[in-house]
Every structure is written in structure tokens, then in C-alpha cells.
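Analysis of the macromolecular model
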Amino acid sequence: GRWSRGLGDVYKRQIQSNLLALDEASSLECDGGTVSQGDSEDSVRDKCGNPQKVSQEDADSPIIWFYNFGSSEFVYYVSFTNGIVERIQMGGYGD
């Protein structure tokens, strides 16, 4: 109902504001190779494995894959549009 929809909106705004505060990264280094803008979802999965989390605000928004490599590494957010990496952002240290 209305209550759950309101919570969803709060959560979406939280994700949006968190992404705005992130640092841009030109690439993401994974065991299987380097991820850069223009890579496909399959290429990213081959290089970095499956993301810990996938998020999408709505049907018109980019799909965001979250990679958390542990407490000694930064968390990375890889945004896809039409299955292609649009941007890579870096957050704080992971868990």
C-alpha cells in the first residue's frame, strides 16, 4: 500500500544521494581483468564475478552493480545502460 511505496521512495532517494557523493573511477581492477566504460555486462561478470547486489531505481534508470571486495578494498558501483558500462564509481571501504 501507500506506506510501502513511501519507503521505496525514501530508499531510492538514499541510493541516489549516495551515488552522487561517490568518487568517479576510470576503471575497476578485478582478478579476471580491468573493467572500463563500454564493457558489456558479460565482460564485467567474466572479469569480476557476480556482484554482491544489483539495484535499479526504475525502468529508465541505469542498472547498478555493487562490488564489495572486503575491508581493505573500496566498494565499487558499476552503472550499466543498455547492458554497457556507463560509469564506475568508488565508495568507502567494504565490509
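All of the points below concern the structure found in this document. (Residues numbered from 1 in each chain as written. Predicted model: local features only at pLDDT ≥ 70, side-chain atom pairs only at ≥ 80, totals over all residues. Heavy atoms only, no water.)

**Description of the nonpolar core**
Inside soluble globular proteins, nonpolar side chains tend to come together where they are buried. Judged by nonpolar contacts, the single largest core of 13 residues is most densely connected at L28, V35, V44, Y67, V78, V85 and I88. It is strand β6 (residues 74-81) that provides the largest number of residues to this core, a total of 3 residues. Counting 5 residues, the second-largest nonpolar core is a separate cluster that includes L22, I64, F66 and Y77. (Core = buried A, V, L, I, M, F, W, Y, C linked by side-chain atoms within 4.5 Å. Buried < 20%, exposed > 50% of the residue type's maximum accessible area, 1.4 Å probe, protein only. Helix = DSSP H or I, 4+ residues; strand = E, 2+ residues; numbered from the N terminus.)

**Some remarks on the environment of E41**
Positionally, E41 belongs in helix α2 (residues 41-48). Taking the C-alpha atoms as reference points, E41 and F80, 39 residues apart in sequence, are found 7.6 Å from one another. Those residues in contact with E41 that sit more than four places away from it in its chain are I63, W65, F80 and G83. (Contact = heavy atoms within 4.5 Å.)

**Some words on the sheet that holds strand β1 (residues 23-25)**
The strand order across the open sheet built from 5 strands is β1-β7-β6-β5-β4, with neighbouring strands paired in antiparallel fashion. The outermost strands of the open sheet, each flanked by one partner alone, are β1 and β4 (53-56). Taking each pair of neighbouring strands and ignoring which way they run, the sheet shows an average axis angle of 30°. Looking at chain direction, β4 and strand β5 (residues 63-68) are connected through 4 bridges and run antiparallel. Opposite S55, over in β5, you have I64 as the bridge partner. Strand contacts of α2: β5, β6 and β7 (84-93), with the helix running at about 5° to β5, the strand carrying the most contacts. (Pairing = 2+ DSSP bridges. Axes fitted to C-alpha atoms, helices over the stretch in contact; angles between N-to-C directions.)

**Here's the deal with the state of the cysteines**
By the definition in use, this model includes 1 disulfide. Here C30 connects covalently by a disulfide to C48, the sulfurs 1.9 Å from one another. Residues C30 and C48 are joined by a disulfide whose S-S torsion is about 90°; by sign, that bridge is right-handed. Residue C30 is located in strand β2 (residues 27-30), and its partner C48 is located in helix α2; the two are separated by 18 residues in the primary sequence. For the residue pair C30 and C48, the accessibility class agrees, reading buried in each case. (Disulfide = S-S within 2.5 Å.)

**Examining α2**
Owing to its 3.6 residues per turn, the α-helix aligns residues three or four sequence positions apart on the same side. Within α2, the full set of buried residues consists of S43, V44 and C48. Projected down its long axis, α2 shows its buried positions confined to an angular sector of 105°, all on one face. Turned more than 90 degrees away from the buried face of α2, the exposed residues are D42 and D46. The secondary structure elements touched by the buried residues of α2 are β2, β3 (33-36), β5, β6 and β7. One or two steps after α2, the chain reaches G49, where phi turns positive at roughly 80°. (Arc of directions from axis to C-beta.)

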